[in-house]
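Residue-level listing of the chains:
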Amino acid sequence: RFGILAGQTQDPVVQSLLKVAEAAVASCQHPLGGPPDLSVLNSHVPPFHRARLLLLAGESELARGQLPFSGEVSAQVRTLLTQTPDLDDALAVRLELCIAESSGDWAPLLARARTRKIARRLSALVLARHARYLANRADPDGADAEWSEAVEQGCLAKIHADAANWLYSQRMLASRYRPQLGDPY
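In this text, all values refer to a predicted model and were calculated from it rather than measured experimentally. (Residues numbered from 1 in each chain as written. Predicted model: local features only at pLDDT ≥ 70, side-chain atom pairs only at ≥ 80, totals over all residues. Heavy atoms only, no water.)

**Student:** Kindly report on the overall build of the protein chain, identifying the contributing residues and their values.
**Tutor:** A count of helical and extended segments in the protein chain gives 9 helices and 0 strands. Secondary structure elements in the protein chain, listed N-terminal to C-terminal, are α-α-α-α-α-α-α-α-α. Residue burial in the protein chain is summarised as follows: out of 185 residues, 41% are buried. Put simply, of all contacts in the protein chain between residues at least 6 apart along the chain, 52% involve residues at least 24 apart. Only carbon and sulfur atoms are counted for the fraction: they give 54% of the accessible area of the protein chain, which is about 10,400 Å². (Helix = DSSP H or I, 4+ residues; strand = E, 2+ residues; numbered from the N terminus. Buried < 20%, exposed > 50% of the residue type's maximum accessible area, 1.4 Å probe, protein only. Contact = heavy atoms within 4.5 Å. Areas by Shrake-Rupley, 256 points an atom, 1.4 Å probe, with all protein chains shown as cover.)

Rendered as structure tokens:
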């Protein structure tokens, strides 16, 4: 429907949004979950839609086991976050998570999560993603501690399904790195 309506106008914002929507749909329909084409992002795309397409690209790459962003895209996302302070908190934090995964610089985001400068449910997500990051880099003790804190924060935030998934991840980590000691959980 949007394509039909977009065909009736030459407004550059509408035409840009059509390209963004087409890129997102193509990414979601890709059989292997390929990231969207970011070349459709231009100055006519509103910041909210730019952020959502960048997040789709980053999390698609992460799901494929790749780094979410290149250095250039990370810089673009940082600029977007700086210039758009009214961006939805969850969207902003998830973009920051993609940057942290790409750069390995978790300190600012972890500090905000641990001091509860972001919502508890987002703090739990940050801690869980950092735990996964540490587990992927063969730091089982660090990952175990982060998952414990993520589960605790997730339960307090009443996101029990996510907390349960993080607990299962923690148990899987224990079974891989500590099989001879038994399951401490």
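**Student:** Go over unusual backbone geometry with me, naming the residues and quoting the values.
**Tutor:** Backbone geometry at Ala138 places phi at a positive 60 degrees, although glycine is not the residue there. Assignment of secondary structure puts Ala138 in the loop between helix H7 (120-136) and helix H8 (140-156).

**Student:** So what about helix H4 (residues 71-83)? Which residues, and what values?
**Tutor:** The end-to-end C-alpha distance of H4, which contains 13 residues, comes to 18 Å, matching closely the 18 Å that a straight helix rising 1.5 Å per residue would cover. If you check which residues of H4 are buried, you get Val73, Ser74, Val77, Leu80 and Leu81. Looking down the long axis of H4, one finds its buried residues gathered within 120 degrees of arc, a one-sided arrangement. Opposite the buried face of H4, by more than 90 degrees, sit the exposed residues Gly71, Glu72, Thr82 and Gln83. On its buried face, H4 sits against helix H3 (47-63) and helix H5 (89-103). (Expected span 1.5 Å × (residues − 1). Arc of directions from axis to C-beta.)

**Student:** Any details on helix H6 (residues 107-114)? Residues and values, ideally.
**Tutor:** Of the residues making up H6, those classed as buried are Leu109, Leu110 and Ala113. End-on view of H6: buried residues confined to an arc of 95 degrees, all on one side of the axis. Arg116, located one to two residues past H6, shows a positive phi value of around 60 degrees.

**Student:** Report on the environment of Gln153, specifying residues and quantitative values.
**Tutor:** Relative to the helices and strands, Gln153 resides in helix H8. The spatial distance from the C-alpha of Gln153 to the C-alpha of Ala124 is 5.2 Å, given a sequence separation of 29 residues. Contact partners of Gln153, with chain neighbours within four places excluded, come to Arg116, Arg120, Ala124 and Leu127. A polar side-chain atom of Gln153 sits 3.2 Å from a polar atom in the side chain of Arg116. (Polar contact = N/O pair within 3.5 Å; in protein donor to acceptor, adjacent residues only side chain to side chain.)

**Student:** So what's going on with the packing of aromatic side chains? Residues and values would help.
**Tutor:** Inspection of every chain in the model, using the stated rule, returns 1 aromatic pair. Relative to Tyr133, the ring of Trp106 has its centre 5.2 Å away and its plane inclined at 50 degrees; by these criteria the two rings are tilted. Placement of Trp106 in the loop between H5 and H6 and of Tyr133 in helix H7 is noted, with a sequence separation of 27 residues between them. With relative accessibility at 12%, the residue Tyr133 sits in the buried group. (Phe/Tyr/Trp six-rings, centres within 6.5 Å; stacked < 30°, edge-to-face > 60°.)

**Student:** How would you sum up the environment of Ser70? Please name residues and give values.
**Tutor:** Looking at where Ser70 falls in the secondary structure, it is placed in the loop between H3 and H4. Ser70 sits in the partly exposed class, given a relative accessible area of 39%. Sequence separation between Ser70 and Gly58 is 12 residues, and the spatial gap between their C-alpha atoms is 9.5 Å. Looking at Ser70, its side chain comes within polar contact range of the main-chain nitrogen of Val73, at 3.3 Å.

This is a description of form; function is not addressed.
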